[in-house]
Amino acid sequence: MDNVLLRHAVLVGSLMFGSAIAVAQEVPKESVLPLSLAQRATQAAIDACKKDGYRVSVSVVDRAGLLRTMGRADGAGPHTIDSSRKKAYTAASLRRATSELADLMSRTPTLQALRDMNEQILMLGGGLPIELGGEVVGAIGVGGAPGTHLDDACAEAGLDAIGAAPKIPAAK
(Lines give C-alpha, C1' and ligand atoms only; values in the text may rest on other atoms or scores of the structure.)
Protein backbone atom coordinates (compact mmCIF):
# COMPACT_ATOMS: atom_id res chain seq x y z
CA MET A 1 0.00 0.00 0.00
CA ASP A 2 2.79 2.42 0.87
CA ASN A 3 4.40 1.77 -2.51
CA VAL A 4 1.14 2.70 -4.29
CA LEU A 5 0.83 5.92 -2.30
CA LEU A 6 4.41 6.82 -3.06
CA ARG A 7 3.91 6.27 -6.79
CA HIS A 8 0.72 8.31 -6.67
CA ALA A 9 2.47 11.17 -4.85
CA VAL A 10 5.31 11.12 -7.41
CA LEU A 11 2.82 11.15 -10.28
CA VAL A 12 0.85 14.08 -8.80
CA GLY A 13 4.07 15.96 -8.09
CA SER A 14 5.28 15.41 -11.64
CA LEU A 15 2.02 16.67 -13.09
CA MET A 16 2.08 19.77 -10.90
CA PHE A 17 5.73 20.48 -11.76
CA GLY A 18 4.97 20.02 -15.48
CA SER A 19 2.09 22.49 -15.31
CA ALA A 20 4.23 25.00 -13.44
CA ILE A 21 6.83 24.81 -16.21
CA ALA A 22 4.14 25.28 -18.88
CA VAL A 23 2.74 28.33 -17.06
CA ALA A 24 6.22 29.78 -16.55
CA GLN A 25 6.89 29.50 -20.27
CA GLU A 26 3.78 31.61 -20.97
CA VAL A 27 4.87 34.46 -18.67
CA PRO A 28 6.35 37.25 -20.80
CA LYS A 29 10.00 38.01 -20.19
CA GLU A 30 11.17 41.63 -20.27
CA SER A 31 14.59 43.16 -20.02
CA VAL A 32 14.97 45.59 -17.16
CA LEU A 33 16.97 48.82 -17.16
CA PRO A 34 19.45 48.33 -14.30
CA LEU A 35 19.67 51.15 -11.78
CA SER A 36 23.43 51.40 -12.30
CA LEU A 37 22.96 52.12 -16.03
CA ALA A 38 20.20 54.64 -15.32
CA GLN A 39 22.48 56.46 -12.89
CA ARG A 40 25.40 56.42 -15.34
CA ALA A 41 23.24 57.80 -18.17
CA THR A 42 21.86 60.53 -15.90
CA GLN A 43 25.28 61.69 -14.77
CA ALA A 44 26.77 61.56 -18.29
CA ALA A 45 23.95 63.73 -19.66
CA ILE A 46 24.35 66.27 -16.83
CA ASP A 47 28.13 66.34 -17.37
CA ALA A 48 27.77 66.84 -21.14
CA CYS A 49 25.44 69.79 -20.64
CA LYS A 50 27.61 71.25 -17.86
CA LYS A 51 30.65 71.12 -20.16
CA ASP A 52 28.74 73.32 -22.60
CA GLY A 53 27.54 75.65 -19.83
CA TYR A 54 23.95 74.38 -19.55
CA ARG A 55 22.30 73.67 -16.21
CA VAL A 56 19.78 70.92 -16.74
CA SER A 57 17.79 68.21 -15.07
CA VAL A 58 17.91 64.66 -16.36
CA SER A 59 15.39 61.89 -15.71
CA VAL A 60 15.60 58.24 -16.64
CA VAL A 61 12.46 56.10 -16.57
CA ASP A 62 11.80 52.41 -17.09
CA ARG A 63 9.73 50.98 -19.95
CA ALA A 64 6.51 51.84 -18.09
CA GLY A 65 7.56 55.47 -17.67
CA LEU A 66 8.26 55.13 -13.96
CA LEU A 67 11.19 57.14 -12.62
CA ARG A 68 14.45 55.21 -12.10
CA THR A 69 16.78 58.18 -11.53
CA MET A 70 16.68 61.95 -11.63
CA GLY A 71 19.46 64.47 -11.29
CA ARG A 72 19.37 68.25 -11.24
CA ALA A 73 22.56 70.17 -11.96
CA ASP A 74 23.55 72.99 -9.64
CA GLY A 75 21.61 76.06 -10.67
CA ALA A 76 19.10 74.27 -12.91
CA GLY A 77 15.64 75.81 -12.78
CA PRO A 78 12.88 74.03 -10.86
CA HIS A 79 10.79 73.65 -14.04
CA THR A 80 13.51 71.46 -15.55
CA ILE A 81 12.66 68.64 -13.16
CA ASP A 82 9.14 68.17 -14.55
CA SER A 83 10.16 68.76 -18.15
CA SER A 84 12.93 66.15 -18.03
CA ARG A 85 10.64 63.58 -16.41
CA LYS A 86 7.80 64.21 -18.85
CA LYS A 87 10.12 64.02 -21.86
CA ALA A 88 11.48 60.69 -20.60
CA TYR A 89 7.93 59.42 -19.94
CA THR A 90 6.82 60.44 -23.43
CA ALA A 91 9.79 58.77 -25.14
CA ALA A 92 9.28 55.55 -23.14
CA SER A 93 5.53 55.49 -23.59
CA LEU A 94 5.55 56.16 -27.33
CA ARG A 95 8.92 54.44 -27.94
CA ARG A 96 10.20 57.31 -30.08
CA ALA A 97 12.37 60.40 -29.71
CA THR A 98 10.29 63.35 -28.54
CA SER A 99 11.88 65.61 -31.19
CA GLU A 100 10.66 63.15 -33.84
CA LEU A 101 7.17 63.15 -32.33
CA ALA A 102 7.06 66.96 -32.15
CA ASP A 103 8.13 67.19 -35.82
CA LEU A 104 5.56 64.58 -36.83
CA MET A 105 2.80 66.50 -35.04
CA SER A 106 3.76 69.78 -36.71
CA ARG A 107 3.55 68.14 -40.15
CA THR A 108 0.37 66.16 -39.45
CA PRO A 109 -2.29 68.27 -37.69
CA THR A 110 -4.51 65.25 -36.98
CA LEU A 111 -1.80 63.96 -34.62
CA GLN A 112 -2.15 67.00 -32.33
CA ALA A 113 -4.33 64.80 -30.10
CA LEU A 114 -1.19 62.91 -29.04
CA ARG A 115 -0.41 65.93 -26.87
CA ASP A 116 -3.58 65.31 -24.86
CA MET A 117 -3.26 61.56 -24.20
CA ASN A 118 -2.52 62.33 -20.54
CA GLU A 119 -0.97 65.02 -18.38
CA GLN A 120 2.46 63.33 -18.43
CA ILE A 121 3.03 63.76 -22.18
CA LEU A 122 5.42 66.53 -23.27
CA MET A 123 6.08 66.89 -26.99
CA LEU A 124 9.39 68.75 -26.93
CA GLY A 125 12.82 67.53 -27.98
CA GLY A 126 15.06 66.13 -25.26
CA GLY A 127 13.51 62.70 -24.70
CA LEU A 128 15.05 59.55 -26.16
CA PRO A 129 14.08 55.91 -25.77
CA ILE A 130 16.77 53.65 -24.29
CA GLU A 131 17.15 50.53 -26.38
CA LEU A 132 19.34 47.69 -25.16
CA GLY A 133 19.54 44.31 -26.86
CA GLY A 134 16.97 45.36 -29.45
CA GLU A 135 14.36 46.16 -26.81
CA VAL A 136 13.18 49.51 -25.43
CA VAL A 137 13.86 49.28 -21.69
CA GLY A 138 13.24 52.90 -20.75
CA ALA A 139 13.99 56.46 -21.77
CA ILE A 140 16.05 59.49 -20.84
CA GLY A 141 14.77 63.06 -20.75
CA VAL A 142 16.76 66.29 -20.51
CA GLY A 143 15.31 69.71 -19.76
CA GLY A 144 16.92 73.10 -19.34
CA ALA A 145 19.38 73.63 -22.18
CA PRO A 146 18.66 76.68 -24.35
CA GLY A 147 17.09 74.69 -27.18
CA THR A 148 15.61 71.24 -27.57
CA HIS A 149 18.37 70.20 -29.99
CA LEU A 150 20.82 70.84 -27.13
CA ASP A 151 18.65 68.78 -24.74
CA ASP A 152 18.78 66.01 -27.38
CA ALA A 153 22.59 66.23 -27.58
CA CYS A 154 22.92 65.85 -23.80
CA ALA A 155 20.46 62.93 -23.80
CA GLU A 156 22.57 61.31 -26.55
CA ALA A 157 25.64 61.64 -24.32
CA GLY A 158 23.73 59.76 -21.62
CA LEU A 159 22.89 56.97 -24.06
CA ASP A 160 26.47 56.83 -25.33
CA ALA A 161 27.69 56.32 -21.75
CA ILE A 162 25.67 53.10 -21.45
CA GLY A 163 26.13 51.80 -24.99
CA ALA A 164 22.58 52.52 -26.12
CA ALA A 165 22.46 53.95 -29.64
CA PRO A 166 20.35 57.12 -29.89
CA LYS A 167 17.57 57.12 -32.45
CA ILE A 168 17.12 60.74 -33.45
CA PRO A 169 15.97 61.27 -37.01
CA ALA A 170 18.18 63.45 -39.21
CA ALA A 171 17.02 67.05 -39.51
CA LYS A 172 15.23 67.87 -42.74
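Residues numbered from 1 in each chain as written. Predicted model: local features only at pLDDT ≥ 70, side-chain atom pairs only at ≥ 80, totals over all residues. Heavy atoms only, no water.

A. Representation of the state of the cysteines within the structure. A full pass over the atoms with the stated rule returns one disulfide. Disulfide partner of Cys49: Cys154, at an S-S distance of 1.9 Å. With the S-S bond torsion at 115°, the cross-link from Cys49 to Cys154 turns out right-handed. Here the residue Cys49 occupies a position in helix H2 (residues 35-51), and Cys154 occupies one in helix H5 (residues 148-161), the gap between them amounting to 105 residues. Looking at Cys154, the relative accessible area reads 3%, which means it is buried. (Disulfide = S-S within 2.5 Å. Helix = DSSP H or I, 4+ residues; strand = E, 2+ residues; numbered from the N terminus. Buried < 20%, exposed > 50% of the residue type's maximum accessible area, 1.4 Å probe, protein only.)

B. Structural context of the nonpolar core. Counting residues in hydrophobic clusters, the biggest one holds 25 residues, and the most contacted among them are Leu33, Val56, Val58, Val60, Ile130, Ile140 and Val142. Elements represented by at least two residues in this core include exactly H2, strand S1 (57-62), strand S3 (127-132), strand S4 (135-143) and H5. For this core, the element with the most residues is H2, which contributes six residues. Beyond its immediate chain neighbours, meaning those up to four positions away, Val60 contacts Leu33, Ala38, Ala41, Thr42, Leu66, Leu67, Arg68, Thr69, Ile130, Ala139 and Ile140. Residues Tyr89, Leu101, Met105 and Leu114 belong to the second largest nonpolar core, which totals six residues. (Core = buried A, V, L, I, M, F, W, Y, C linked by side-chain atoms within 4.5 Å. Contact = heavy atoms within 4.5 Å.)

C. Quick peek at the packing of H2 against H5. Direction vectors running N to C along H2 and H5 enclose 135°, while the axes themselves pass 7 Å from each other. In terms of orientation, H2 lies oblique with respect to H5. Taken as a pair, H2 and H5 cross one another with a handedness that is right-handed. Along the contact surface, H2 presents Arg40, Ala41, Ala44, Ala45, Ala48 and Cys49, while H5 presents Leu150, Cys154, Ala157, Gly158 and Ala161. (Axes fitted to C-alpha atoms, helices over the stretch in contact; angles between N-to-C directions. Parallel < 35°, antiparallel > 145°, perpendicular 65-115°, else oblique. Left-handed = near helix turned anticlockwise from the far one by under 90°.)

D. Local environment of the pattern of salt bridges. Counted by the stated rule, this structure contains seven salt bridges. The closest approach of N and O atoms between Asp52 and Lys51, which form a salt bridge, is 3.5 Å. What makes Lys51 exposed here is its relative accessible area of 67%. With a closest N to O distance of 2.8 Å, Lys87 and Asp151 form a salt bridge. Of the two residues, Lys87 is situated in helix H3 (residues 79-94) and Asp151 in helix H5; the sequence distance between them amounts to 64 residues. The buried category is assigned to Lys87, whose relative accessible area is 3%. The network of salt bridges with shared partners includes Glu30, Arg63 and Glu135. (Salt bridge = Lys/Arg side-chain N within 4 Å of Asp/Glu carboxyl O.)

Nothing here speaks to function; it is all geometry.
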